[in-house]
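Examining the three-dimensional arrangement
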Amino acid sequence: MSGTARILVALLILMGAGLFLFALMAEEPREDNGTSREPKQGGAGATPDYTDPLARAHEAKPGVLDDPTSCRRCHEEIWDEWAGDRHAKAWVGKLYTELSQKHSDPNCWSCHAPRPVLQTGIDSPAEARGNYRESGINCLSCHRAGNHVAGSSKTYSDTPEVTADCGPVFDPRMARAGAQDATIKFCGVCHALHGTDQEFMRSHYYRAGKTCLSCHMEEVVGVVAKGGTPRKRHSHRMLGAHAPAMLKRAMELTARRDGNRIVARVTNAGAGHNVPTDARHRGIWVRVAFFDRYGQPVPVVINKDTGERGAEMVMDLIRLFYRHEHKTPTQIPPKGTLAQQNWRESSVSVPDAAKGGHARVRLHYALRWDWPPEKSTLVHEVKVSLE
Ligand code: HEC
Ligand code: HEC
Ligand code: HEC
Ligand code: HEC
Ligand code: HEC
């Protein structure tokens, strides 16, 4: 090889390495909360025109929207609601910490510590954030749009301090009574992975004009910002599977005797989507225990292979299985689609010793499907006489 050729080859190798390094750097999560990008217009529904002169006049000072903790000063009440909510725990939660190999799995970052979704766009997947990760899905993840915060009220605030520190502007993608499809897409940026949005759109709640917010942002009376007058607004405690009251509302349990069998039925009575939905590690268990005519427990075979006996027997496990398990999900679809699919039944035969006594059927919700009853939430319990 001649001298020039050797230099050329060396240069090419260097350029290759440079490009490789550049590509690596581009993969790194960005150390910002979104300043450097103009908000993308999300496809569905009307999106606000942030270039309109009124909106421009209500821009926050550059830089003040970089720190998610800055909102607490004026929005204390909403901050406290959010702090008691799962979105605030998305990064530090026990189960997430465990399953993400102590936060090291980069596949998990985009939804559990996202950049502002109005910046990255409601038609695009969430993107990972490089800073303030411990705050999970914070105020900026949902509200920041350039130098504005997108909100649900149609009046721009005229208080100069608000404009400077917050830059509120109305955005129909945020509001309970806003653009229906766009609102669903907004939540769906992260909640569409396992089709919660599609399940919802097949339900009668969707046809009735509802959105995710109808059930997950409850009406409360409170202040929007410090010093304001309390009024009707919607809570930031977006309750779900961790809230016993929500689980009760979602499911009904009935049981009856049919000849020599006990039949249990679980109905999806109040969720806007399948139960369980989304997280594949959830599980709904239906268990039965038998008691004789004197109220004494009747042990039942709990393991057919070993013949082991115990107090409670499994009747059903309702789950969205992992793909590698190659099982058909047993999830209960949302009420209002096909009526005959809105419940699931299971049955077992009554042991002779329990005749004249009673059966106790229980429904447990397990945040992690393989958790034992003691670690799960007891949602419903019904008794059936066997006299
Ligand atoms: C200096 C005080 C102050 C700070 C700091 C502040 N805000 Fe505000 N914000 C207000 C006030 C006051 C209002 C108007 C309240 C009303 O309408 O009664 C408001 C309104 C809002 C609205 C509603 C807008 C609408 O159109 O419905 C949102 C959303 C909001 N703020 C989010 C945030 C976020 C996110 C942060 C943190 C980056 C933040 N604010 C920081 C004082 C503040
Ligand atoms: C596309 C967005 C997205 C990605 C990527 C993602 N998650 Fe999630 N994750 C969610 C949503 C949405 C929920 C809430 C669903 C629910 O509660 O049913 C959730 C809930 C969870 C929960 C339940 C938390 C609890 O305490 O009950 C765990 C654990 C979890 N995710 C772990 C992970 C891990 C580990 C990864 C990476 C392998 C990951 N997630 C990647 C969106 C995502
Ligand atoms: C998961 C997304 C999400 C997160 C996180 C979030 N918000 Fe909101 N916020 C919303 C939605 C959606 C609305 C509109 C609700 C409605 O129509 O009443 C809203 C409304 C508001 C409003 C206007 C309330 C009203 O009734 O006028 C304020 C102020 C606000 N948020 C502040 C905050 C602050 C401060 C934080 C952080 C502590 C925060 N939000 C975190 C989604 C979110
Ligand atoms: C008609 C009321 C209703 C509507 C509408 C609704 N939900 Fe729910 N949602 C519930 C109830 C009740 C539960 C508790 C049952 C459960 O956890 O499965 C729940 C649970 C959840 C959970 C926790 C599920 C789990 O198993 O971990 C998530 C996540 C969720 N909803 C997201 C959404 C999203 C996103 C939308 C909009 C696409 C939505 N919900 C619409 C009522 C509703
Ligand atoms: C940027 C991603 C993202 C967006 C946007 C988002 N969520 Fe979530 N949401 C999550 C993740 C991740 C979790 C799980 C947090 C955890 O428990 O670790 C979650 C949890 C929840 C839960 C509690 C589930 C449970 O198991 O108890 C509900 C309810 C919920 N979200 C509703 C909504 C609604 C309604 C919206 C739209 C206003 C929304 N989310 C927007 C990512 C998101």
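Above this text is the structure in question.
Residues numbered from 1 in each chain as written. Chains lettered and ligands numbered in written order. Predicted model: local features only at pLDDT ≥ 70, side-chain atom pairs only at ≥ 80, totals over all residues. Heavy atoms only, no water.

**What to know about the overall build of the protein chain**
Summing up its helical and strand segments, the protein chain has 14 helices and 15 strands in all. Burial statistics for the protein chain: of 387 residues in total, 43% are counted as buried. Sequence separation of at least 24 residues holds for 67% of the intrachain contacts in the protein chain that already meet a minimum separation of 6. Here the protein chain has roughly 20,800 Å² of accessible surface; of this, 57% comes from carbon and sulfur atoms. (Helix = DSSP H or I, 4+ residues; strand = E, 2+ residues; numbered from the N terminus. Buried < 20%, exposed > 50% of the residue type's maximum accessible area, 1.4 Å probe, protein only. Contact = heavy atoms within 4.5 Å. Areas by Shrake-Rupley, 256 points an atom, 1.4 Å probe, with all protein chains shown as cover.)

**Quick word on the coordination of the iron atom of ligand 4**
Within the protein, the iron atom of ligand 4 binds to His216 (NE2) and His273 (NE2); these donor distances fall in the range 2.0 Å. The exposure class of His216 is partly exposed, given its relative accessible area of 23%. Residue classification places His273 among the buried positions, given a relative accessible area of 15%. (Donors = N, O, S within 2.8 Å, 3.2 Å for Na, K, Ca; no water.)

**Thoughts on the site of ligand 4**
Of all residues adjacent to ligand 4, which total 22 residues, the nearest are Cys212, Cys215, His216, His273 and Tyr365. The contact in question runs from an oxygen atom of ligand 4 to an N or O atom on the backbone of Thr277, over 3.3 Å. Between ligand 4 and Tyr365, the relevant distance is 2.6 Å, taken from an oxygen atom to a side-chain nitrogen or oxygen of the residue. Of all the elements in the fold, those that place two or more residues in the shell around ligand 4 are helix H11 (196–201), helix H13 (212–216) and helix H14 (244–250). For the shell around ligand 4, a count of residues per class yields 12 nonpolar, 8 polar and 2 charged. Three or more residues apiece are contributed to the shell around ligand 4 by two domains, here domain 1 (30–234) and domain 2 (244–385). (Near = heavy atom within 4 Å. Polar contact = N/O pair within 3.5 Å; in protein donor to acceptor, adjacent residues only side chain to side chain. Nonpolar A, V, L, I, M, F, W, Y, C, P; charged D, E, K, R; others polar. Domains from an automatic or database assignment.)

**Notes on helix H10 (residues 180–191)**
The terminal C-alpha atoms of H10 lie 16 Å apart, and with 12 residues this matches the ideal 16 Å at 1.5 Å per residue to within 8%. Among the residues making up H10, those that are buried are Ala182, Thr183, Ile184, Phe186, Cys187, Gly188 and Val189. Looking at the buried positions of H10, the neighbouring elements they touch are helix H7 (117–120), helix H8 (139–143), H11, helix H12 (204–207) and H13. (Expected span 1.5 Å × (residues − 1).)

**Thoughts on the site of ligand 5**
Ligand 5 sits among 21 residues. The nearest are Arg86, His87, Cys187, Cys190 and His191. Ala241 is positioned with one of its backbone polar atoms (N or O) 3.0 Å from an oxygen atom of ligand 5. Arg282 places a polar side-chain atom, nitrogen or oxygen, 2.9 Å from an oxygen atom of ligand 5. When residues of the shell around ligand 5 are traced back to their parent elements, those giving at least two are helix H4 (86–89), helix H6 (109–112), H10 and H13. The element that contributes the greatest number of residues to the shell around ligand 5 is H10, accounting for 4 residues.

**A closer look at the sheet that holds strand E1 (residues 144–145)**
Spatially, the 3 strands line up as an open sheet ordered E1-E2-E3, and their pairing is mixed. Only two strands of the sheet have a single partner each, and these edge strands are E1 and strand E3 (168–170). For strand E2 (residues 148–151) and E3, the ladder comprises 3 bridges, and the chain directions are parallel. Bridging across to E3, Gly151 finds its partner in Phe170. (Pairing = 2+ DSSP bridges.)

**As for the pattern of salt bridges**
For side chains of opposite charge, pairing can occur when their charged atoms come near one another. Applying the stated rule across the entire model yields 20 salt bridges. The closest approach of N and O atoms between Arg360 and Glu312, which form a salt bridge, is 3.2 Å. You can see Arg360 sitting in strand E14 (residues 358–366) and its partner Glu312 sitting in the loop between strand E11 (309–310) and strand E12 (313–318), a full 48 residues away along the chain. Note that Asp352 and Lys355 form a salt bridge whose closest N and O atoms lie 2.8 Å from each other. Looking at Lys355, the relative accessible area reads 27%, which means it is partly exposed. One network of salt bridges, in which partners are shared, links Lys61, Arg73, Glu161 and Asp165. (Salt bridge = Lys/Arg side-chain N within 4 Å of Asp/Glu carboxyl O.)

**Overview of the sheet that holds strand E7 (residues 261–268)**
The strands that make up a sheet are held in pairs by hydrogen bonds between backbone atoms, and each pair lies either parallel or antiparallel. Here 3 strands make up an open sheet; going across it, the order is E6-E7-E13 and the pairing antiparallel. Edge positions in the open sheet fall to strand E6 (251–258) and strand E13 (343–349), since each of these has one partner strand only. Ignoring strand direction, the axes of neighbouring strands in this sheet form an average angle of 20°. As judged from the 8 bridges shared by E6 and E7, these two strands associate in the antiparallel manner. Considered in E7, the bridge of Arg256 is made with Val263. (Axes fitted to C-alpha atoms, helices over the stretch in contact; angles between N-to-C directions.)

**Concerning the packing of aromatic side chains**
Centre-to-centre distance and the angle between the planes together describe a pair of aromatic rings. Applying the stated rule across the entire model yields 4 aromatic pairs. Considering the side-chain rings of Trp285 and Trp369, the 6.5 Å spacing of their centres and the 20° angle between planes classify their relative orientation as stacked. Of this pair, Trp285 sits in strand E8 (residues 283–291) while Trp369 sits in the loop between E14 and strand E15 (377–385), and the two are 84 residues apart along the sequence. The positively charged end of Arg133 is found above the aromatic ring belonging to Trp109, 4.3 Å away from the centroid. (Phe/Tyr/Trp six-rings, centres within 6.5 Å; stacked < 30°, edge-to-face > 60°. Lys NZ or Arg CZ within 6 Å of the ring centre and 35° of its normal.)

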